[in-house]
Amino acid sequence: MLDRPLQELGADSFSLILLLAGIHDEFHLLLSSRDLSVSHSLDEIATTLAARLSAVRTESAGTSALPAPDEEQAARVPALANRYSYFVRRVRNLSAWNVVSHVYRLLPPVDVDAFARAVDLVVARHDSLRLRVCVGPGGVEQVCLPPREVRPLRVLEIPGALSASMASRWMEEQSRAAQQALALPGDLFRVLLFRDVFTGSAWFCVIAHHLLVDSMSFRMVMASLVEAYACWAKGAGEDPPPAPPTLSFARYSSESIAYWARRGPEEVPRWLSLPWHLVSPLLPGTSPADPLNTEEHSVQVLLALEDLPVLRDGGGAGDLQITDLIVAGIARAFRRWSAHAALHLSLVMHGRTEDGLSGELARTVGWISETVPIVLPLEADRRALALEARAQLERAASSGRSFGVLRHLVPSTVPGVDAIRRLPDADVSLNIDLREPLLPRHSAFFVREESVVAPSVVAPSTQRVFLLSGGVIRRQGKVCVAWDFSERLLSRSHVEAFTELCREEITDLARSVEGQ
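Predicted, not measured: the structure shown is a model, and the values here were computed from it. (Residues numbered from 1 in each chain as written. Predicted model: local features only at pLDDT ≥ 70, side-chain atom pairs only at ≥ 80, totals over all residues. Heavy atoms only, no water.)

Novice: Outline the confidence of the model for the protein chain, supporting the account with residue identities and numerical values.
Specialist: Overall, the predicted model of the protein chain reaches an average pLDDT of 77, with 70% of residues at or above 70. No element of the protein chain has a lower mean pLDDT than helix 8 (residues 309–312), at 54, and none a higher one than strand 6 (residues 153–157), at 95. A low-confidence stretch, residues 56–70 (pLDDT under 50), is modelled with 22 contacts involving residues beyond four sequence positions or located in other chains. Taken together, the stretch residues 291–297 has pLDDT below 50 and engages in 19 contacts with residues farther than four places along the chain or on a different chain. (pLDDT = per-residue confidence, 0-100. Helix = DSSP H or I, 4+ residues; strand = E, 2+ residues; numbered from the N terminus. Contact = heavy atoms within 4.5 Å.)

So, in structure tokens, the structure goes:
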């Protein structure tokens, strides 16, 4: 086991990022994806780690974070391609795409001053939380404010006459109102602290728009907040550890755009080589201007994993991994469901590749994830389809960011860019996130409040985004497949049938891989 490559144990590029972050937390040692890869075994990683620890033993363990360009005054931040995708394809109503935490109860004794200091520290440490975003004639514009100008915390006193159930409903209403108040170019990050002055109890909720954070970054923000509060709360008496060495979001944006703009011309042929000629609209006659219904529905099916170690353990067999099986299984289900010759997926990738960057990216907070086209011909047999999915996923992981840069950011004078921009948008999107939540349900200072859930506001759209928007997630050891859709364009029974086909095909692929 120790001498097998990590990728044979189910690791992918995202797992590697978490491993690098864990190495820093445990050993105060900064490594990057240039030092370790999923082709290394645990024995090789241990050897590398021991050598690097020996080399830096005399160095200081606490290295400060790489700073934003200027912490004293507002500074412009170049907009990544995912911003343009958002404003081109998404409804202008900002509350349609929020990332919101559960409500957490602070355990007594509650230290409001320590919590306020913790919020200020998180804002100062993560420059993406200080972004102001607007859309002008020249495109998407972003400005990063200095920490002193950003005060996201609001302390709200719970009315004393409310019962426990009514207080829970009141907190839900306040959380919803805070989400709906997000606006351009105003605040996109808010923290609510609810206080019961009679009992001394307190709850908190963190609200961050997707323009500022992706799912991994949101977990980092929550972890930083809880860690700082635990250090400053009454009785703790210590300062939080130094910020992990990582690129600021502003610096990452500048370096990433510059690198992929230089690499763009050589990436054009690779993207144009996908089988675009096989792609056809899922529903001919519809267009992105077709309005959605005011209600969105989600269908979710749990996969039975008890007898499928490949899925349950996140591993693979040979050159196939769990993500390959999921994408190939959905493609086969799509063929049976639609009779189309190809599946065009807009796949969400974590985007945390360090090519062309001057520093480490594992702990950078921001909206870094990117959508990448996956175009799979559906005539291939089961294994050939899974291998094609593997090849396209590897390309997406290594150079997927180039597609958005070519589509939105480089001049049209670059050869082939006009052809990239004429490619069709996907009707189907997919986000695969098989991580368990990183923030624990409780600690010595807080506990998740099961009776109060801050609802994620989904506003009625005036534009169609995707006909099908899917997610594959892991919850309590179960892999779940969910599809969001509009009942104006697709019937619920139609989508339920597709979801069941996904379950069948992914399960069959997993069994066939185990048999090999």
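Novice: Explain the pattern of salt bridges to me, using residue names and the numbers behind them.
Specialist: Within this structure, the stated rule accounts for 17 salt bridges. Notably, a salt bridge pairs Arg 407 with Asp 425, separated by 2.9 Å at the nearest N-O pair. With Arg 407 in helix 11 (residues 401–408) and Asp 425 in the loop between helix 12 (417–422) and strand 12 (428–433), this pair connects stretches of sequence that are 18 residues apart. Given the relative accessible area of 13%, Arg 407 is considered buried. One connected set of salt bridges, linked through shared partners, spans Arg 263, Glu 266, Glu 267 and Arg 270. (Salt bridge = Lys/Arg side-chain N within 4 Å of Asp/Glu carboxyl O. Buried < 20%, exposed > 50% of the residue type's maximum accessible area, 1.4 Å probe, protein only.)

Novice: Got a sec to walk through the side chain of His 126? Specific residues and values, please.
Specialist: Structurally, His 126 is set in the loop between helix 4 (112–125) and strand 4 (131–136). If sequence neighbours within four positions are ignored, His 126 has contacts with Ser 224 and Val 365.

Novice: Tell me about the packing of aromatic side chains, residues and numbers included.
Specialist: Overall, the coordinates contain eleven aromatic pairs when judged by the stated rule. Where Trp 170 meets Phe 194, the ring centres are 5.9 Å apart and the plane angle is 70 degrees; that geometry is what we call edge-to-face. A residue pair is termed long-range when its members are at least 10 positions apart, and Trp 170 in helix 5 (residues 164–180) and Phe 194 in strand 7 (residues 189–195) qualify at 24 residues. Neither Trp 170 nor Phe 194 differs from the other in exposure class; each is buried. Among the aromatic side chains, those forming a connected cluster through ring pairs are Tyr 104, Phe 115, Phe 204 and Tyr 229. The side chain of Arg 117 reaches across the aromatic face of Trp 232, ending 3.9 Å from its centre. (Phe/Tyr/Trp six-rings, centres within 6.5 Å; stacked < 30°, edge-to-face > 60°. Lys NZ or Arg CZ within 6 Å of the ring centre and 35° of its normal.)

Novice: So what about helix 10 (residues 382–399)? Which residues, and what values?
Specialist: In this model, helix 10 (18 residues) spans 26 Å end to end at C-alpha, consistent with the 26 Å of a helix rising 1.5 Å per residue. Within the sequence span of helix 10, burial applies to Leu 385, Ala 386, Ala 389, Arg 390, Gln 392, Leu 393, Ala 396 and Ser 399. Where the residues of helix 10 are buried, they touch helix 7 (249–272), helix 9 (322–338), strand 10 (342–349), strand 11 (370–377) and helix 11. Where helix 10 begins, one side-chain oxygen reaches toward the backbone nitrogen of Arg 383, 3.3 Å away; that side chain belongs to Asp 381. (Expected span 1.5 Å × (residues − 1). Polar contact = N/O pair within 3.5 Å; in protein donor to acceptor, adjacent residues only side chain to side chain.)

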